[in-house]
Amino acid sequence: MAAGNISHIFRREFKVYFVSPIAYIVIAIFLVLAGWFFFSTFFLFNQAELRDFFNLLPMIFAFIVPAITMRLFSEEFNVGSYEILVTLPVTFRDIILGKFFASVAFLAIMMLPTLSYAISVALLGELDWGPVVGGYIGAILLGAAFSAIGLFASSLTKNQIIAFIIGMIICFALTIVDKLLFFLPESMLGFFQYIGAGYHFQNIARGIIDSRDILYFLSLIFIALYGAHLSVRERH
Amino acid sequence: MIELSELTKYYGELCALDHINLTIEKGKILGLLGPNGAGKTTALRIITGYLSPTSGTVTAKGLSIDTDVLEIKRMIGYLPEEAPLYRDMLVYDYLHYVADIRGLGPERKDVRIHELVDICGLEEIMHRSIHELSKGFKQRVGLAHAMMDDPEILVLDEPTSGLDPNQIAEIRNIIKQIGRQKTVILSTHILSEVEASCDRVVIINEGRIVADGSTEELRRSSEAEYSLNISLEGAEDEVVDKIFTPIEGVAEVQRLGTDNGSRSFRLLCRTTDDIRGKIYQTIKQQDWTLLEFKQESKSLEKIFRELTKESE
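Residues numbered from 1 in each chain as written. Chains lettered and ligands numbered in written order. Predicted model: local features only at pLDDT ≥ 70, side-chain atom pairs only at ≥ 80, totals over all residues. Heavy atoms only, no water.

Colleague: Which parts of the structure should I look at to understand the pairing of strand β6 (residues 76-79) of chain B?
Modeller: Within a regular strand, side chains alternate between the sheet's two faces. All names here are of chain B. The alternating pattern of β6 places Ile76 and Tyr78 and Gly77 and Leu79 on opposite faces, both of which are buried. With 4 bridges joining them, β6 and strand β7 (residues 153-157) adopt parallel strand pairing. Opposite Gly77, over in β7, you have Leu154 as the bridge partner. (Buried < 20%, exposed > 50% of the residue type's maximum accessible area, 1.4 Å probe, protein only. Helix = DSSP H or I, 4+ residues; strand = E, 2+ residues; numbered from the N terminus. Pairing = 2+ DSSP bridges.)

Below, the structure is given as structure tokens:
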């Protein structure tokens, strides 16, 4: 029953993404940004690899993902449809997971066209597929973690803009924290490096799939979704 | 069927519900009546599991809302005020979505959606987007949504507010039809609504129940006061005044106007006794023709105003 409800909510949310033009705009912006940043320097290095593309991803995701997730709860609070949703026989867990999976699925669809980068690069030279596969796995994990954070931000307010800004600030902070390490005292380096999403993503994107990195993303997802759970429950 | 006991809800400092006790029987249409901000919506939201009470309990069919909230939600069809449905879905998709969540199997789903389309008259709007719908249609889709799983309890928050008279009549008809078998709880601040569709009225004011009874009982229990409308042919105003005023219980004689030689009067009565006999005897003694003689009971509106005014 519960799994059924998650899938009903998932399907509705996923469909709705493609009803409004916002989805297509977000996808277009993502592809333009990623494509332009990547290919503008690609030919200078004369290397058949996607490393630069994956280097850019966390930063782009920090802006794009909160824009995808901002409506998930905020819009429902604003319109009032949330009251209907909650009084249907579903649990908060069903609602949160359904919405979460919908945004992750949307991200996956958004990433799909970038496979053409890999294919065109592979045609140009010897592409090492290990880091590419790792990069996509990392991208899904990173996107899922940022989605969970965006969902949490959306559960805090009925204003989508505020939800976007909160989500973006958290994702952005997690992305750059390991790049600002030189500002921090040496004793805390390890800690801040560990909480940085960029660091773990780069590990996976190198093609090394370490359980610690996976665990990091899974715990980030869990914490954010649990936060969203607490936040929606608090409304009652 | 549903029992609220000592139900209390605070929003911060503000007390929205103050120790409400209420038992709602099966197969009745209960009207929750009160001025805006009286706590009607809060009460409905607690019954439907949307809000949790500060203290007190709600049970439905012996299940407590604290422990079996999912079961209770399955039993209840709820339409919040203004029918805040998903705006970006087609009516068709929306009904299927609700049917899926309500766990109707694929076969029952089609049958049930067809039934609801008939009951609520949704045929022509099935393939329109919800945000394009007029208020009346939206409300009907909302009703279909609430009735999807043929729930035992139907909770409707201000189901007719903002609709035009025709739409109101249609929605009332639907509610009455359902009320024959199901328990319906509806809230409203419009009195005629309650008079038209409810078996029982509970008047709430400032979070407290100030009156509870059938519409009939409520009318009787408040200080008996009624008026008699009379039309007389061949009567003169002065004479009418002179004869009726001395009768015990008649407080005032009002002149309503003349029509083709007949004159209409209203006698306001401040007594619980029926004085129609006395009035008739008095008329009989005169050389008048009695064209009309009608008793008008006090309207619920008056009762409502009296009951909700006390604490101001």
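Having seen it, we continue.
Colleague: In this structure, what is going on with a nonpolar patch on the surface? I would like to understand it.
Modeller: On the surface, a nonpolar cluster with roughly 840 Å² of combined accessible area is contributed by Ile109, Leu112, Leu115, Ile119, Leu123, Trp129, Val133, Ile137 and Ile209 of chain A. Contributions of two or more residues to the nonpolar patch are made by α7 (115-124) and α8 (129-154) of chain A. (Patch = residues over 30% accessible without salt bridge, like charges linked within 9 Å, V, L, I, M, F, W, Y side chains within 5 Å. Areas by Shrake-Rupley, 256 points an atom, 1.4 Å probe, with all protein chains shown as cover. Salt bridge = Lys/Arg side-chain N within 4 Å of Asp/Glu carboxyl O.)

Colleague: Which parts of the structure should I look at to understand the interface of chain A and chain B?
Modeller: Put simply, an interface is often sized by how much accessible area is lost when its parts join up. Contacts between the two partners involve 26 residues from chain A and, on the opposite side, 26 residues from chain B. Carbon and sulfur atoms supply 62% of the area that chain A and chain B bury against each other, a total of about 2500 Å² over both sides. At the junction of chain A and chain B, the tally comes to 2 salt bridges. Run the count over chain A and chain B and you get 5 residue pairs in polar contact (both at pLDDT 80 or more). Among the elements of the structure, α1 (2-19), α4 (71-79) and α5 (81-87) of chain A are those that each provide at least two residues to the side of chain A that touches chain B. When its residues are assigned to classes, the side of chain A that touches chain B shows 12 nonpolar, 7 polar and 7 charged. (Contact = heavy atoms within 4.5 Å. Buried area = accessible area lost by both parts, 1.4 Å probe. Polar contact = N/O pair within 3.5 Å; in protein donor to acceptor, adjacent residues only side chain to side chain. Nonpolar A, V, L, I, M, F, W, Y, C, P; charged D, E, K, R; others polar.)

Colleague: How should I be thinking about the domain arrangement of chain B in this particular structure?
Modeller: With domains assigned, chain B is organised as domain 1 (2-220) and domain 2 (226-303). Taking the mean C-alpha position of each, domain 1 of chain B and domain 2 of chain B sit 43 Å from one another. (Domains from an automatic or database assignment.)

Colleague: I'm lost on the sheet that holds strand β3 (residues 29-33) of chain B in this one. Help?
Modeller: The pairing of strands in a sheet comes from backbone hydrogen bonds and takes either a parallel or an antiparallel form. Residue and element names in this part refer to chain B. The strand order across the open sheet formed by 6 strands is β6-β7-β8-β3-β9-β10, and the pairing between neighbours is mixed. Sheet topology places β6 and β10 (208-214) at the edges, where each strand pairs with a single neighbour. Taken pair by pair, the neighbouring strands of this sheet meet at an average axis angle of 15°, ignoring direction. Sheet analysis places β3 next to strand β8 (residues 183-188), joined by 5 bridges and oriented parallel. Looking at β8, one finds that Leu30 is bridged to Ile185. The strands touched by helix α1 (residues 40-47) within the sheet are β3, β6, β7 and β8, with β8 carrying the most contacts at an inclination of about 150°. Helix α6 (residues 165-179) rests against β3, β7 and β8 of the sheet, and its axis sits at about 145° to β8. (Axes fitted to C-alpha atoms, helices over the stretch in contact; angles between N-to-C directions.)

Colleague: For this particular structure, what's the right way to read the packing of helix α3 (residues 51-69) of chain A against helix α11 (residues 197-205) of chain A?
Modeller: When two helices pack together, their arrangement is given by the angle between the helix axes and by the axis-to-axis distance. Residue and element names in this part refer to chain A. Contact geometry of α3 with α11 gives a least axis separation of 10 Å together with a crossing angle of 150°. By the angle class used here, α3 and α11 are roughly antiparallel. The chirality of how α3 crosses α11 is right-handed. Taking contact as the criterion, the partners of Phe54, Asn55, Leu57 and Pro58 in α3 are, on α11, Phe201, Gln202 and Ala205. Considering only residue class, the contact of α3 with α11 consists of 5 nonpolar, 2 polar and no charged. (Parallel < 35°, antiparallel > 145°, perpendicular 65-115°, else oblique. Left-handed = near helix turned anticlockwise from the far one by under 90°.)

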